[in-house]
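Listed here are the chains, written in short residue letters.
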Amino acid sequence: MTLRSILRKWTERYFSDEEAVILLIVLVLGFAVVIWLGGMLAPFFTALVIAFLLQGVVNMLTRRRVPNMVAVAIVFLGFIGLMLALGFLLMPLLWNQLVNLVQETPNMLSNGEDWLVNLHYHYPNLIKPDEIQSWISSTAKQFTVYGQRAVSLSIASLGNVIGLIIYLVLVPILVFFMLKDREKLVGFVLSFMPEKRGLMNRIWSEMDDQIANYVRGKVVEIAIVGTVSYATFSFFGLQYTALLAVLVGFSVLIPFIGAAVATLPVAAVAGFQFGLTEQFAYILIAYGIIQALDGNVLVPVLFSEAVNLHPVSIILAVLFFGGIWGVWGVFFAIPLATLLKALITAWPRSLHETPIQKSP
């Protein structure tokens, strides 16, 4: 059997149906638009994600016999109020704590150097002076690089104030009309699709609830983990509580890796503030309990209806889509991996399954 005949049979098997070819074209065009025009269309994609999140609340209100326009108005005004509260209350607090943390960084490095020297004094065979100096120099260089990046980013961002204002105005407007005219917009998109949409409907019905549950569940998980972390850190009197709590909350976006990465700043701040004391150990134990409860209790409850993906698949999806689309790619890595799994599962079955014979 030649390679040409193998390719012909494979094409006939998976692309002999018109719907399969159209679906492939739609997927390729969709990914191409996001990759090459993602920066230009960022306000639209952001509004689409937010509207997708808020649509579940609108549906919940309409099921309770609230008129659609009233439900849209309630949800939209609640969204605007939440954004204003975050912008005027949370962001200034986070900025002040970030500035204070940057100012305290030299003292942290100095204390770390003293701790390493003291460790070498008690255990001379464990760490050599050259290694201590190498670690200190490497750490100082890294902090210098990060500081230069932060300064350049802040200077560059000054010229984007107008763009940011336009962004903040466009996104709420787009969200409102996506919620208000959802049926019209969906009908407009479907008008370009073929009338025969068996494969598309099957994949969409399989993915709709799963993506919705994942995205909304992930937002709830971020809020719960961040709130519990803030209460825990405040109880122990840890500095930079809000900043660390937000960091721990958003660390759940990256499965397996995020929790490990967030541990470093929590341990560093706690070690700088309390030293190697019982208070330091209590904070790390409490942080470990939060992560354990998140992984073993909260995640199963929130994502019980999500497709079960192997951990290797999740890590590969995070690395691949995060490398392509950055933060958004990390956030949607699991839904995109679930979409690929649904495509692989449904595609051959939709083209080759035979109708079930009914018994007389």
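Residues numbered from 1 in each chain as written. Predicted model: local features only at pLDDT ≥ 70, side-chain atom pairs only at ≥ 80, totals over all residues. Heavy atoms only, no water.

Q: With reference to specific residues and values, describe the nonpolar core.
A: Counting 41 residues, the largest nonpolar core has F233, L238, Y240, L244, V248, V266 and V269 as its most contacted members. Elements represented by at least two residues in this core include exactly α4 (68-122), α8 (198-235), α9 (241-250), α10 (257-274), α11 (278-302), α12 (311-331) and α13 (333-352). Counting residues per element, this core draws most heavily on α12, at 7 residues. If sequence neighbours within four positions are ignored, Y240 has contacts with Q97, N100, L101, E104, M108 and V269. The next biggest cluster of nonpolar side chains, apart from the first, holds 15 residues, and it includes I50, L54, V58 and V175. (Core = buried A, V, L, I, M, F, W, Y, C linked by side-chain atoms within 4.5 Å. Buried < 20%, exposed > 50% of the residue type's maximum accessible area, 1.4 Å probe, protein only. Helix = DSSP H or I, 4+ residues; strand = E, 2+ residues; numbered from the N terminus. Contact = heavy atoms within 4.5 Å.)

Q: Talk me through a nonpolar patch on the surface; I want residue IDs and the actual numbers.
A: A cluster of nonpolar residues, V33, I35, W36, L37, M40, F320 and I324, forms a patch on the protein surface that exposes about 740 Å² of accessible area. Residue assignment for the nonpolar patch shows that the elements contributing at least two residues are α2 (18-37) and α12. In terms of residues, the nonpolar patch owes the most to one element, α2, which gives 4 residues. One can find F320 in helix α12. The exposure class assigned to F320 is exposed, which follows from its relative accessible area of 51%. (Patch = residues over 30% accessible without salt bridge, like charges linked within 9 Å, V, L, I, M, F, W, Y side chains within 5 Å. Areas by Shrake-Rupley, 256 points an atom, 1.4 Å probe, with all protein chains shown as cover. Salt bridge = Lys/Arg side-chain N within 4 Å of Asp/Glu carboxyl O.)

Q: Let's hear about unusual backbone geometry: which residues, and what values?
A: For R65, which is not a glycine, the phi torsion comes out positive at approximately 65°. Relative to the helices and strands, R65 is located in the loop between α3 (42-63) and α4. Owing to a relative accessible area of 81%, R65 belongs among the exposed residues under this scheme. Here the phi dihedral of Y240 falls at roughly 55°; this positive angle occurs in a residue that is not glycine. Note on Y240: relative accessible area 10%, which makes it buried.

Q: An account of the UniProt feature "transmembrane region" (unreviewed entry) in the chain is requested, with residue identities and associated values reported.
A: The UniProt feature table records "transmembrane region" (unreviewed entry) at residues 20-38, 44-62, 69-95, 155-179, 219-238, 244-268, 280-302 and 314-340. Taken end to end, residues 69-95 is 100% helix and 0% strand, and its two terminal C-alpha atoms sit 37 Å from one another. Overall, residues 280-302 shows 100% helix and 0% strand. The separation of its end C-alpha atoms is 31 Å. (UniProt positions renumbered as here; feature names shortened; annotations may be inferred.)

Q: Outline the packing of aromatic side chains, supporting the account with residue identities and numerical values.
A: The full count for this structure, using the stated rule, is 5 aromatic pairs. Taking 5.7 Å as the distance between ring centres and 65° as the angle between the ring planes, the aromatic pair formed by F44 and F45 counts as edge-to-face. Among the aromatic residues, ring-to-ring pairing joins F76, F176 and F177 into one connected group. (Phe/Tyr/Trp six-rings, centres within 6.5 Å; stacked < 30°, edge-to-face > 60°.)

Q: Break down the confidence of the model for the chain for me, citing the residues and quoting the values.
A: Detailed reading of the predicted coordinates is not advisable wherever pLDDT falls low. Confidence in the prediction for the chain averages 77 pLDDT; 75% of positions are at 70 or higher. Considering each helix and strand of the chain separately, the mean pLDDT is smallest for helix α5 (residues 129-158), with a value of 59, and largest for α9, with 90. This stretch, residues 349-360, has a pLDDT under 50; its non-local contacts, to residues over four places away or in other chains, come to 10 contacts. (pLDDT = per-residue confidence, 0-100.)

Q: Go over α11, please, and point to the residues and values.
A: Its 25 residues place the ends of α11 34 Å apart at the C-alpha level, agreeing with the 36 Å of an ideal helix rising 1.5 Å per residue. At D294, α11 is bent by approximately 40°, the largest bend along its length. Inspection of α11 places F280, I283, A286, Y287, I290, Q291, D294 and L298 among the buried residues, and these make up the whole buried set. (Expected span 1.5 Å × (residues − 1). Bend = angle between axes of the 7 residues up to and from the residue.)

Q: Outline the environment of G56, supporting the account with residue identities and numerical values.
A: Looking at where G56 falls in the secondary structure, it is placed in helix α3. For the pair G56 and R216, spaced 160 residues apart in sequence, the C-alpha separation works out to 8.7 Å.

Q: Let's hear about the packing of α10 against α11: which residues, and what values?
A: Closest axis-to-axis distance for the α10/α11 pair is 9 Å, and the angle between their directions is 160°. By the criterion of interaxial angle, the relationship of α10 to α11 is roughly antiparallel. As α10 packs across α11, the resulting crossing turns out to be right-handed. Contacts between α10 and α11 pair A259, A262, T263, V266, A267, A270, G271 and F274 from the former with Q279, F280, I283, L284, Y287 and Q291 from the latter. Grouping the amino acids of the contact of α10 with α11 by side-chain chemistry returns 10 nonpolar, 4 polar and no charged. (Axes fitted to C-alpha atoms, helices over the stretch in contact; angles between N-to-C directions. Parallel < 35°, antiparallel > 145°, perpendicular 65-115°, else oblique. Left-handed = near helix turned anticlockwise from the far one by under 90°. Nonpolar A, V, L, I, M, F, W, Y, C, P; charged D, E, K, R; others polar.)

Q: Outline the packing of α9 against α10, supporting the account with residue identities and numerical values.
A: For any two helices packed against each other, one specifies the crossing angle of their axes together with the interaxial distance. Across the interface, α9 lies against α10 with an axial gap of 9 Å and an inter-helix angle of 160°. In terms of their interaxial angle, α9 and α10 are classed as roughly antiparallel. In terms of crossing hand, the pair formed by α9 and α10 is left-handed. From α9, L244, L247 and V248 reach across to α10, where they touch A262, P265, V266 and V269. Classifying every residue of the contact of α9 with α10 by side-chain character gives 7 nonpolar, no polar and no charged.

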